[in-house]
Amino acid sequence: MRTLLLSALAAASLTIGGCGLRPLYANGSGGAVAQVLADVDVAPIAGHEGWLVRNALRDRLQATQGGDGAGKRLRLDVRLEDSITGFGVRADDAVTRERRTLRARYQLVEAATGEVLLDATAAQDAGIDVVGSEYATIAAESTALERLASGIADQIVSRLAVYANRGGGQGAATPTPTPAGQ
């Protein structure tokens, strides 16, 4: 029975390899994804939520940059829209629940030419209980914003990694050598 199970696992592993799946971060820091992410600098983003998102993005990208700081070839421009909407209402018209939504429109730009390589959006929302203490409600809104900023940064870096994995942002191809005498 054990040999049958091992044989089945071996056969399954052979078929999975043929399906075309491959690791996104293949070849570690020398891979295409890590090379593109290492070339990205995050432009300043307006507002407190922008500060949070930019720091979260830089934290995630710095790992691919070997701790050296921002890349220089590509620039990430991000515009944010932050909103809080009350939607749980008691009979006395007091709001009991809020939804905080953070939306980002981001563009990956070739720094030298200004060409937009990727134009996409990311969004995340969080529910907030409105309680009797104003301080507790403000603290909950602030905590929600920190979580949303982290989630937006995760979405953006994941999208950049997929873009890089598909060959985007690789830079100029190396020219093919011409034969001598031409």
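Below is a short write-up of the structure. Just so it is clear, the model here is predicted, and its values are computed rather than measured.

**Some points on the sheet that holds strand 4 (residues 116-129)**
Move 1: Strand order in the open sheet formed by 4 strands is 1-2-3-4, and the pairing between neighbours is mixed. Each edge of the open sheet is held by one strand with a lone partner, namely strand 1 (40-42) and strand 4. When strand polarity is set aside, the average angle formed by the axes of neighbouring strands in this sheet is 25°.
Move 2: Relative to strand 3 (residues 95-110), strand 2 (residues 74-89) runs antiparallel, the two sharing 15 bridges. Paired with Val78 across the strands is Tyr106, a residue of strand 3.
Move 3: Strands strand 1, strand 2 and strand 3 of the sheet are contacted by helix 3 (residues 47-62), whose axis makes an angle of about 130° with strand 2.
Move 4: Lying on the sheet, helix 4 (residues 134-165) is in contact with strand 2, strand 3 and strand 4; it crosses strand 4 at an angle near 150°.

**Remarks on the pattern of salt bridges**
One side chain can pair with another of opposite charge once the charged atoms of both are near each other.
Move 1: One pass over the structure, following the stated rule, counts 9 salt bridges.
Move 2: Within the structure, one salt-bridge network assembled from shared partners comprises Asp39, Arg73 and Glu110.

**Let's talk about unusual backbone geometry**
Negative phi is the rule for most residues except glycine; trans is the rule for most peptide bonds.
Move 1: A positive phi angle is found at Asp93, which is not glycine, with a value near 65°.
Move 2: Note that Asp93 resides in the loop between strand 2 and strand 3.

**Things to note about the pairing of strand 2**
Move 1: Of the strand pairs in this sheet, strand 1 and strand 2 are connected by 3 bridges, and their pairing is parallel. For Asp41, the partnering residue across the bridge sits in strand 2 and is Arg75.
Move 2: The antiparallel hairpin formed by strand 2 and strand 3 contains 5 residues in its connecting segment, where Asp93 sits at a positive phi of about 65°.

**Topic: the nonpolar core**
Move 1: Core analysis: the biggest nonpolar cluster contains 36 residues, and Val53, Leu57, Leu76, Val78, Tyr106 and Ile156 have the highest contact counts within it.
Move 2: For this core, the secondary structure elements donating two or more residues are helix 2 (32-38), strand 1, helix 3, strand 2, strand 3, strand 4 and helix 4.
Move 3: With 12 residues, the top contributor of residues to this core is helix 4.
Move 4: In this structure Tyr106 touches Leu76, Asp77, Val78, Leu118, Asp119, Ala120, Thr121, Ala122, Ile156 and Arg159, once residues within four positions along its chain are discounted.

**Re helix 3**
Move 1: If you check helix 3, its first and last C-alpha atoms are 22 Å apart, about what 16 residues at 1.5 Å a residue would give, namely 22 Å.
Move 2: Three or more residues of helix 3 are buried, namely Glu49, Gly50, Leu52, Val53, Ala56, Leu57 and Leu61. The buried side chains of helix 3 occupy one side of the element, clustering within an arc of 165° when seen end-on.

**With respect to a nonpolar patch on the surface**
Move 1: Taken together, the side chains of Leu5, Leu6 and Leu9 present a nonpolar region at the surface, about 310 Å² in accessible area.
Move 2: Inspection of the secondary structure assignment puts Leu5 in helix 1 (residues 2-17).

**Digging into the side chain of Glu98**
Move 1: Topologically, Glu98 is positioned in strand 3.
Move 2: Although buried, Glu98 forms no salt bridge, and the nearest oppositely charged side chain, Arg100, lies 7.3 Å from it.
Move 3: Those residues in contact with Glu98 that lie beyond four places of it in its chain are Ile84, Thr85, Gly86, Phe87, Ala126, Gly127, Ile128, Val130, Thr137 and Glu141.

What counts as what
Residues numbered from 1 in each chain as written. Predicted model: local features only at pLDDT ≥ 70, side-chain atom pairs only at ≥ 80, totals over all residues. Heavy atoms only, no water. Pairing = 2+ DSSP bridges. Helix = DSSP H or I, 4+ residues; strand = E, 2+ residues; numbered from the N terminus. Axes fitted to C-alpha atoms, helices over the stretch in contact; angles between N-to-C directions. Contact = heavy atoms within 4.5 Å. Salt bridge = Lys/Arg side-chain N within 4 Å of Asp/Glu carboxyl O. Core = buried A, V, L, I, M, F, W, Y, C linked by side-chain atoms within 4.5 Å. Buried < 20%, exposed > 50% of the residue type's maximum accessible area, 1.4 Å probe, protein only. Expected span 1.5 Å × (residues − 1). Arc of directions from axis to C-beta. Patch = residues over 30% accessible without salt bridge, like charges linked within 9 Å, V, L, I, M, F, W, Y side chains within 5 Å. Areas by Shrake-Rupley, 256 points an atom, 1.4 Å probe, with all protein chains shown as cover. Lys, Arg positive; Asp, Glu negative; His and termini not counted.

All we've got here are geometric facts, nothing functional implied.
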